[in-house]
Structure formats: C-alpha cells, structure tokens
Amino acid sequence: MIQSFDPRMNRLGLPDAPVTAATKTALDQFGTYEVFHQKKDGAPYVYVGPVHAPEADVAFLFAKEQFSRRFACTGMWVVPTAAITVTDYVGDQESAYDFLPLLPKSVAPAPGNADDTAGEAAAYAAGEEDYDIFHLKKRGKAHQHVGKVRASSPAAALQVAKAVFGEQRPVVNVWTTRSADVLRSDEEDRDIWSTTPEKKYRDAISYKVQDRIEKFKAENK
Amino acid sequence: MYGSASTHDLPTTATTGLENEDPILLAEFEARIARGEKIEPGDWMPALYRKQLTRMIEQHAHSEIIGSLPEGTWITRAPGFRRKMAQMAKVQDEVGHAQLLYSAAETLGKTREQMLIDLINGKSKYSNVFNYPTPTWADSNVISWLIDAGAIVNQLANAKGSYGPYCRALDRICAEEAFHLKYGHDAVVHMATGTPIQRAMMQAALNRWWPAIMTFFGPSDKMSVHTEILMRWKVKMASNDECRNQFLDMYVPKIWEIGLTLPDEKLAKNEETGRWEFTEPDWEDFKRVINGDGPCNAERIAVRRAAEENGAWVRRALLTPKTQYVRPLA
Ligand SMILES: [Fe+2]
Ligand SMILES: [Fe+2]
Ligand SMILES: [Fe+2]
C-alpha cells in the first residue's frame, strides 16, 4: 500500500503498483462546448476557450467556474463545438470572406433588412433563422462577436455575413452558429457574476509582503 | 511547470521526418512563423511540429494537475482560515490550468481521454519536481513561491511561441500566476521572519527543495540534443540554461534578503559574464526519478488514477446518447 504524508491518501489504501493498465471508454470526457464572455456591459462577447461537458447547462456551470472565477464578466454564452461552422484561416492581412466558396447566384441570399418586418416574418416562416457571427482579427487573438444575420443554412449565413460585415479588415477566420444553439446567461441572473470582488485573498495586491521584508531588514541590520 | 522542462527527449535531426513533408507547404509554414504570425488549428503543419507541440502542451497540462497534489495535500492543514481559502484558490487555479492546456493540446488531435490514460499508465511525463514530497507546510510554501516562479519564467517565454491555442491558454494562466507568486512569497516571508522554529522549518524545506529546483528547467544546454528546428518553429522559446539563469537572477537575491541560505557553496553570480555559477545538479539522479524511481511517483499516479476511477460512474451517468465528439476549435 502506498504510504503518504497525507493521511487522507493513506485512508484510500492505494495499491503500490496497479495490476492492470487503466482504460477509458469513448466519450468518458464528453463532448466540448465553446465559451464566450462579455467583460463589461456593452462590450462584445469574446471567445475564452472550450469546456468538456455532458450537456449545455453543465457546460455553463463549468464555464462559469473556469472563465469567470478570476476575471470579472457580465455575461457568458456557451455553444456546442459541433454547432459552429468554421471558415478557412487566412493570413493576418487578409479577409476570410474573400475565400468563401461561391454559392450559385440564385441561392445567394440578400442581407436581411431590419426595417422590413413583413419580409422578415416571411423569411422566418420560410425556414430562415438567426445566426451569430464571430470574427478573428489576428492569429493568436480571440474570436469576437460582430452581430447576427438571418439565413437558411450556415453556408448561406457566411454569405450574408460577407455582405454585412465583409468591409471589416482583416478577418482571419469566421465562425457562425445558429443563434438557437447558443445558451446565453440571463440578464435577470446578473448577480451570479458579482461574487468575485469580496475574495481578496485571491488578489496579488492583497499580499503586502514588502512591508514585512523591510521590517525584517531594519531589525536585522 | 510548467513548460519545457522535459524536452530532454527531443528527436535528433535524423528522425525529424521533414524530408517527407511537402516543401512548398513547409516553406509557407516557416514563412508564416518568421513573419510573426501564429499557427492556428486549421492550418497545415509538419507532423513533427504537431507531435512536439502535443507532447509539450500535454506534459505541461499533466504538470499542472499533478502539481496541484503536493499543495492540495496541505489545504486541510493550512494554518488559519484565510490561508486555507487562499491555498484552495491556488490549487483550483492549477487544476484550471490543466483544463485549459488539455484543450489546447486537444486541438492538435489527441483526445483528452488518451492524454489522461497516458498519464495514469505512466507513459507521459510531467514536471519532475512533483515527484518529491511536501512533508511540512513550509515545503508547500516553497512550491507556491519558487516552483511557480520557475513556471512563470517558462510560461512567459512560451506565451510568445507560435501556436495560437497554446498562447491563448498561457495568457490566461500567466494572469493568474501573479497571485500565486505573491501568495507564495508572502507565505515564505511569513515563516522566514517568524519565530525561530518557523524560520528553521522554512530553511529546512528550502534545503530539501533546492536540488530539485535547480533541475526544474531541465538538463543543461551542453547535454541537450539538437533543438534548433524547434527554436526556429517557436516551439521552444528559450534554452534551459537561459531560463535557469533568469530564474536565479530574479529569485536568489529575494531568498537571501530574508536571511535564508541556499545549500550550494558554489552558488554565486559571475559579474563579468552575468551568469550564475553553481554546483552541477545530479542529472543521473534526475533521470532516475523522472523515469519512475522517485519518492512520490507511485503516489502521484495512484492518486490521479483513483480520482479518475472513482469519478467514472458519475461521468457515465451524465453522458447523453446524442453526445458527439469533435475537436475543440481553438
Ligand atoms: Fe499553473
Ligand atoms: Fe504551480
Ligand atoms: Fe501557479
């Protein structure tokens, strides 16, 4: 049995050498969700990283723990990785929109017009949906939400996004996802983000070590 | 770590496999890195780049999760409520670092299941310093301050590397390390400037840990195999000796200023060369320990394995049939 300095380890009665090699079944670590957060009110949602989780609500909990534990934020979105459509990555001076596969003219959608409520209702009735669009401005940085478009498929959403946001440069990479696939934090639950400030023991500035060092030096000249 | 402390098993030029790569794609890849652009998961990359980065980020992730054990063991016995809370917060950060890093490695194609299996079956390495025990609270403090300080030297260098997902993870990690460093320094200073018993306990812990700390950045450059190509690809960002020297420059004065000593009579800075001189660490012993024969290797792996196995039924119960796996995006 393994002997540890930690009595809790000893209580586990761990064997010195395992008899068999460990194995894991597929999906033992679940699938992944991509997480975006909003740093402060009005700021765009920015990509922070993935989490592994069995479903969206749990993904949200894990994401909150992982990405808002130390960095204040005012909102969070989680999206199943498989629900995101990704363009090719292009160079830091280029636009990914210039490299989209061309749709046949007849199916290339026109950008949704926000004022046209009748047309909008008809489009939704015909099966169009909202898509969220995210841009990566520079390799190594994080994707940022730029807005929504209405379209009938991810490929069509990218074409609409090109018409609406294509002027922005550079755009190294674009992500799009059905808005319905995004789990968003609720405005009503805002108070879940306000737990950080009281935990001073987690901040570097609350350790006034220099005072103690100076005192020690003065006493031990 | 904690970065690149185990790049002792790098390939020699004979096994790079570069001759099998498409020369045009390879030239574009190298030009992108030379321009200072990052590589992202959707890009073409040489097999050797993928392999070395996977290994390096995976080892870094393992080091975070195994590294949380020697400090985690002190949470229940930390002196005072505030220190318990702080120690717990630090340990939680380290586990969070592992999560970030496993995901970054996963974008290169290796599943998290496989990485965890390789760790608990002893196939993967992690930072060798965590194969040593923390018999007292002061030992835990030495890790919090000096091992994290070493880790930061590595991580700041690696954050300038070429792989986007690793850089993003390291940026978050480095931001949290600021707290670890201050917390650790505070804990050490508290003991070193405390009662004679506290002071003696801290000195003893420092004496125990110093040889391991001197090996933290890996074997000296003169012993390391060829790493030129990994430097060019910005996989390895600084040599072991450069990192070690930078660490000594930053922290030895801080150790001495609180009246602690270091168990190496040769340790001194050569003001002419700007390099620290010291007794060469026992690299044979380092090899022996990293290959499994250290005081805590078996315990670390066994604890990790028990945690994996004891949690398996919970994960099985949570798994929904519609789950499909795709690699994380970035
Ligand atoms: Fe860490
Ligand atoms: Fe650490
Ligand atoms: Fe740390």
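Shown above is the structure to which this text applies.
From a predicted model like this one, the values you see are computed outputs, not experimental measurements.

Definitions and cut-offs
- Residues numbered from 1 in each chain as written.
- Chains lettered and ligands numbered in written order.
- Predicted model: local features only at pLDDT ≥ 70, side-chain atom pairs only at ≥ 80, totals over all residues.
- Heavy atoms only, no water.
- Helix = DSSP H or I, 4+ residues; strand = E, 2+ residues; numbered from the N terminus.
- Buried < 20%, exposed > 50% of the residue type's maximum accessible area, 1.4 Å probe, protein only.
- Contact = heavy atoms within 4.5 Å.
- Donors = N, O, S within 2.8 Å, 3.2 Å for Na, K, Ca; no water.
- Pairing = 2+ DSSP bridges.
- Buried area = accessible area lost by both parts, 1.4 Å probe.
- Salt bridge = Lys/Arg side-chain N within 4 Å of Asp/Glu carboxyl O.
- Polar contact = N/O pair within 3.5 Å; in protein donor to acceptor, adjacent residues only side chain to side chain.
- Nonpolar A, V, L, I, M, F, W, Y, C, P; charged D, E, K, R; others polar.
- Patch = residues over 30% accessible without salt bridge, like charges linked within 9 Å, V, L, I, M, F, W, Y side chains within 5 Å.
- Areas by Shrake-Rupley, 256 points an atom, 1.4 Å probe, with all protein chains shown as cover.
- Lys, Arg positive; Asp, Glu negative; His and termini not counted.
- Charge placed at Lys NZ, Arg CZ, Asp CG, Glu CD.
- Core = buried A, V, L, I, M, F, W, Y, C linked by side-chain atoms within 4.5 Å.

A. Broad picture of the overall build of chain B. When helices and strands are counted, chain B shows eleven helices and two strands. Secondary structure of chain B in N-to-C order comes out as α-α-α-α-α-α-α-α-α-β-β-α-α. Taking the principal axes of the C-alpha coordinates as reference, chain B spans close to 65 × 60 × 35 Å. Looking at the 330 residues of chain B, the share that counts as buried comes to 61%. Put simply, of all contacts in chain B between residues at least 6 apart along the chain, 78% involve residues at least 24 apart.

B. Layout of the coordination of the iron ion (ligand 1). Residue and element names in this part refer to chain B. The iron ion (ligand 1) binds to the protein through E64 (OE), E94 (OE), H97 (ND1) and E177 (OE), with metal-donor distances spanning 2.0 to 2.7 Å. Within one chain, the residues serving as donors to the iron ion (ligand 1) are arranged as E-x29-E-x2-H-x79-E. A spacing of 4.4 Å is found between the iron ion (ligand 1) and the iron ion (ligand 2), which share E94 as a donor. Of this pair, E64 sits in helix α2 (residues 47-72) while H97 sits in helix α3 (residues 81-106), placing them 33 residues apart in sequence. The residues E64 and H97 share a single accessibility class, namely buried.

C. Just the pairing of strand β5 (residues 129-136) of chain A, in detail. All names here are of chain A. A large share of β5 lies buried, amounting to six of its eight residues. With seven bridges joining them, β5 and strand β6 (residues 144-151) adopt antiparallel strand pairing. Paired with I133 across the bridge in β6 is G147. Pairing of β5 with strand β7 (residues 173-178) involves six bridges; the strand directions are antiparallel. Note on β7: the bridge partner recorded for L136 is N173.

D. View of the coordination of the iron ion (ligand 3). Residue and element names in this part refer to chain B. Within the protein, E94 (OE), D148 (OD), E177 (OE), E177 (OE) and H180 (ND1) serve as the donor atoms for the iron ion (ligand 3), at 1.9 to 2.7 Å. Linear spacing of the donor residues for the iron ion (ligand 3) on their chain is E-x53-D-x28-E-x2-H. The iron ion (ligand 1) is placed at 3.4 Å from the iron ion (ligand 3), the two being bridged by E94. In this pair, D148 sits in helix α5 (residues 137-158) while E177 sits in helix α6 (residues 164-192), placing the two residues 29 residues apart along the sequence. Overall, the relative accessible area of 0% leaves D148 in the buried class. On the basis of relative accessible area, E177 is assigned to the buried category, the value being 1%.

E. How the structure looks around the interface of chain B and chain A. Counting residues at the interface gives 71 residues for chain B and 62 residues for chain A. A combined buried area of about 6000 Å² lies between chain B and chain A, and 61% of that area is made up of carbon and sulfur atoms. Considering only the side of chain B, the residues that lose the most area to chain A are B:E113, B:R172 and B:L329, jointly responsible for 12% of the buried surface there. The interface formed by chain B and chain A includes eight salt bridges. Where B:D93 meets A:R70, a salt bridge forms, and the shortest distance between an N and an O atom there is 2.7 Å. One can count 25 residue pairs in polar contact (both at pLDDT 80 or more) joining chain B with chain A. Sorting the residues of the side of chain B that touches chain A by element identifies α3, α4 (112-120), α6 and α11 (297-318) of chain B as the ones contributing at least two each. With 14 residues, the single largest contributor to the side of chain B that touches chain A is α6(B). In the side of chain B that touches chain A, the residues fall into 29 nonpolar, 18 polar and 24 charged.

F. Local environment of a nonpolar patch on the surface. Taken together, B:W313, B:V314 and B:L318 make up a surface patch of nonpolar side chains, about 300 Å² in accessible area. Mapped onto the fold, B:W313 is located in helix α11.

G. Region of the structure containing the pattern of salt bridges. Counted according to the given criterion, the structure contains 42 salt bridges over all chains. The partner of B:E94 in a salt bridge is B:K90, and the shortest N-O contact between them spans 2.8 Å. Of this pair, B:E94 and B:K90 both sit in helix α3, four residues apart, which is roughly one turn of the helix. With a relative accessible area of 0%, B:E94 lands in the buried category. For B:K90, a relative accessible area of 0% puts it in the buried group. Look at the salt bridges and you will find they share partners, linking A:K24, A:D28, B:R304, B:E308 and B:R315 into a network.

H. Main features of a negative patch on the surface. Negative charge collects at one region of the surface, where A:D186, A:E188, A:D189 and A:D191 lie side by side. Topologically, A:D186 is positioned in the loop between β8 (183-184) and α5 (209-219).

I. Quick peek at the nonpolar core. Of all hydrophobic cores here, the largest spans 106 residues; its most connected members are B:Y49, B:I57, B:L146, B:Y163, B:W210, B:W233 and B:F247. The residues contacting B:W233, other than those within four sequence positions of it, are B:L18, B:L26, B:F29, B:E30, B:I33, B:P46, B:L48, B:Y49 and B:S162. Formed by 16 residues, the second largest nonpolar core is a distinct cluster that contains A:A96, A:Y97, A:I133 and A:F165.

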